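# Observations on the three-dimensional arrangement
Letter by letter, the chains look like this.
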Amino acid sequence: MSHPLITRLRAAGCVFAEDEAALILSTARTPADAEAMAGRRAAGLPLEHVLGWAEFHGLRMAVDAGVFVPRRRTEFLAARAAALAAPGSVVLDLCCGTGALGAAVAAAVDGIELHAADIDPAAVRCARRNLAPFGGRVHEGDLYAPLPGSLRGRVDVLIANAPYVPSGEIALLPSEARDHEPLVALDGGSDGLAVQRRVAAAAREWLAPGGHLLVETGARQAALTAALFTAGGLEPSVAVCEERCATVVIGKRPGTRRR
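What counts, and at which threshold
Just so you know, the residues in each chain are numbered from 1, in the order the chain's sequence is written. For this predicted model, a pLDDT threshold of at least 70 governs which residues receive local features, and a threshold of 80 or more governs which side-chain atom pairs are given and counted, while totals over whole chains, interfaces and linings are taken from all residues. Hydrogens and waters are ignored; side-chain quantities use all the structure's heavy atoms. Secondary structure is summarised from DSSP: a helix means a run of H or I of at least four residues, a strand means a run of E of at least two, and numbering begins at the N terminus for each. Throughout, radius of gyration means the C-alpha value; the globule benchmark is 2.2 Å times the number of residues raised to the power 0.38. Remark: exposure states derive from per-residue accessible area (1.4 Å probe, protein chains only) relative to the maximum for the residue type, with buried under 20%, exposed over 50%, and partly exposed in between. Here, two residues are considered to be in contact whenever any of their heavy atoms come within 4.5 Å of each other. Reported accessibility uses the Shrake-Rupley method at a 1.4 Å probe radius. Residues are deemed covered only where the shown protein chains occlude them. We treat Lys and Arg as the positive residues and Asp and Glu as the negative residues; His and chain ends play no part in the count. To locate a charge, take NZ of a lysine, CZ of an arginine, CG of an aspartate or CD of a glutamate. Only a pair of cysteine sulfur atoms within 2.5 Å qualifies as a disulfide here. The term nonpolar core refers to a set of buried residues drawn from Ala, Val, Leu, Ile, Met, Phe, Trp, Tyr and Cys, joined through side-chain atoms within 4.5 Å. Each Phe, Tyr or Trp ring (for Trp, its six-membered ring) is paired with any other whose centre lies within 6.5 Å, and the angle between the two planes then decides the class: stacked below 30 degrees, edge-to-face above 60, tilted in between. Both a distance and an angle decide whether a charge sits over a ring: NZ of Lys or CZ of Arg must be within 6 Å of the ring centre and within 35 degrees of the ring normal. Pairing between strands requires that DSSP locate at least two bridges from one strand to the other. When the strands point away from the viewer and the path from the first strand over the helix to the second turns clockwise, the crossover is right-handed. A carboxyl oxygen of Asp or Glu within 4 Å of a side-chain nitrogen of Lys or Arg is what we treat as a salt bridge.

### Observations concerning the overall build of the protein
Scanning the protein from terminus to terminus reveals 10 helices and 9 strands. In terms of overall dimensions, the protein is globule-like: its C-alpha atoms have a radius of gyration of 19 Å, near the 18 Å expected for 259 residues. Principal-axis analysis of the C-alpha atoms gives the protein an extent of 65 × 40 × 30 Å. A total of 259 residues make up the protein; the buried ones form 53% of that total. Counting contacts in the protein only where the partners sit at least 6 residues apart, residues at least 24 apart contribute 61% of the total. Accessible surface computed for the protein: about 11,600 Å², of which carbon and sulfur atoms make up 55%. Charge-centre separation for the protein: the mean point of 27 positive side chains lies 5 Å from the mean point of 28 negative side chains.

Structure follows, in structure tokens:
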């Protein structure tokens with residue numbers, strides 16, 4: 001017989017009601033807690049905000065209410081970034097949200113120096129909890145502005161999962177994102193490239209010779225993103241994962257990578 005939570009979630013339109021009920025029951029501390037969590041989910045709150053965590057690249061990342069939820073397709077970006085890192089690498093996660101990307105790289109590559117930054121105070125608080133086990137430092141502010149000057153010219157792997165949804169398409173997003181995640185984490189400006197443009201323009205200043213900038217973007221925007229990298233003095237390439245419907249543009253700063 002179905003658990004009452006499954007019935008409640010299914011009635012609310014949750015397609016994966018059985019799986020979601022199982023996650024709620026495994027996370028809740030008491031039956032009353034489970035009921036309250038199911039009520040929040042039935043009301044439309046993202047499952048990850050209800051649970052307080054999201055699985056990302058094999059890690060359980062804390063996700064506070066109102067913070068951008070890391071997407072499973074972004075695991076492709078995490079894997080590409082980890083492949084470019086090595087012990088001793090300086091890794092910077094811009095627009096870090098929960099810090100999931102930085103954490104994934106740190107979990108995959110021992111001994112990196114990890115920094116992250118976000119403009120959203122709620123995201124910064126969340127990222128600090130998630131990156132503390134890896135010794136990561138999280139800075140609050142707009143893109144490069146809050147970073148210590150000592151990072152200039154030292155970053156080996158710069159990850160920037162900047163927003164890339166055009167402003168005119170925000171209304172087309174699922175209500176879970178549109179209504180419960182910060183607009184600053186979703187809205188990429190009129191062409192979706194406003195934040196990427198700023199990231200790419202200054203990236204070379206922060207990258208070490210031979211260092212890489214990686215961003216996730218939409219498939220139809222990839223060529224434009226690559227052009228931004230070229231304009232910023234980087235050598236671009238595009239990587240695609242059809243299984244995850246993910247597109248990553250990678251830009252290399254010319255030069256020889258330090259060992």
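### Considering the state of the cysteines
This model, assessed by the stated rule, comprises 0 disulfides. Free of any disulfide, Cys241 has its nearest neighbouring cysteine sulfur in Cys245, separated by 8.2 Å. Of the residues examined, Cys241 reaches a relative accessible area of 16% and is grouped as buried.

### A few points about helix α7 (residues 121–131)
When we look at burial in α7, the residues that qualify are Ala122, Ala123, Val124, Cys126, Ala127, Asn130 and Leu131. In this fold, the buried residues of α7 make contact with β2 (59–62), α6 (100–108), β4 (113–118) and β5 (137–140).

### Observations concerning the nonpolar core
In terms of nonpolar packing, the biggest core is built from 33 residues, with Val91, Val105 and Ile159 touching the most fellow members. Residue assignment for this core shows that the elements contributing at least two residues are β2, α5 (75–84), α6, β4, α7, β6 (155–160), β8 (235–241) and β9 (246–252). The greatest single-element share of this core, amounting to 6 residues, is contributed by α6. Leave out the neighbours within four places in its chain, and Val91 touches Ala85, Val105, Ile112, Glu113, Leu114, His115, Val157 and Ile159.

### Overview of the packing of aromatic side chains
Taken as a whole, this structure holds 1 aromatic pair when the rule is applied. With 5.6 Å between their ring centres and 10° between their planes, Tyr144 and Trp206 make a pair best called stacked. Of this pair, Tyr144 sits in the loop between β5 and β6 while Trp206 sits in helix α9 (residues 194–206); the two residues are 62 residues apart in sequence, bridging distant segments of the chain. Among the residues examined, Trp206 registers a relative accessible area of 3% and is labelled buried. Across the ring face of Trp53, the terminal group of Arg60 is positioned such that the distance to the ring centre comes to 3.6 Å.

### Some words on the pairing of β4
Most of β4 is tucked away, with 5 of its 6 residues classed as buried. By the bridge criterion, 5 bridges tie strand β3 (residues 90–94) to β4 in an arrangement that is parallel. When the bridges of β4 are listed, Val90 appears paired with Glu113. After leaving β3, the chain enters α6 and then returns to the sheet as β4, a path that is right-handed. By the bridge criterion, 4 bridges tie β4 to β5 in an arrangement that is parallel. When the sheet's bridge partners are listed, Asp118 is paired in β5 with Glu140. Of the crossover connections in this fold, the one passing from β4 over α7 to the parallel β5 is right-handed.

### Remarks on the side chain of Ser89
Position of Ser89 among the secondary structure elements: in the loop between α5 and β3. Setting aside its immediate chain neighbours within four residues, Ser89 contacts Gly111, Ile112, Glu113, Asp156 and Arg257.

### Observations concerning the pattern of salt bridges
Across all of its chains, the model carries 16 salt bridges by this definition. Where Glu35 meets Arg8, a salt bridge forms, and the shortest distance between an N and an O atom there is 3.0 Å. You can see Glu35 sitting in helix α3 (residues 31–42) and its partner Arg8 sitting in helix α1 (residues 4–11), a full 27 residues away along the chain. Overall, Glu35 belongs to the partly exposed group, its relative accessible area being 39%. Its relative accessible area of 36% is what places Arg8 among the partly exposed residues. The partner of Arg72 in a salt bridge is Glu75, and the shortest N-O contact between them spans 2.9 Å. For Arg72, a relative accessible area of 42% translates into the label partly exposed. A cluster of three or more residues bridged by salt bridges with shared partners is formed by Glu20, Arg41 and Glu176.

Fair warning: the whole summary comes from geometry, so function is off the table for now.
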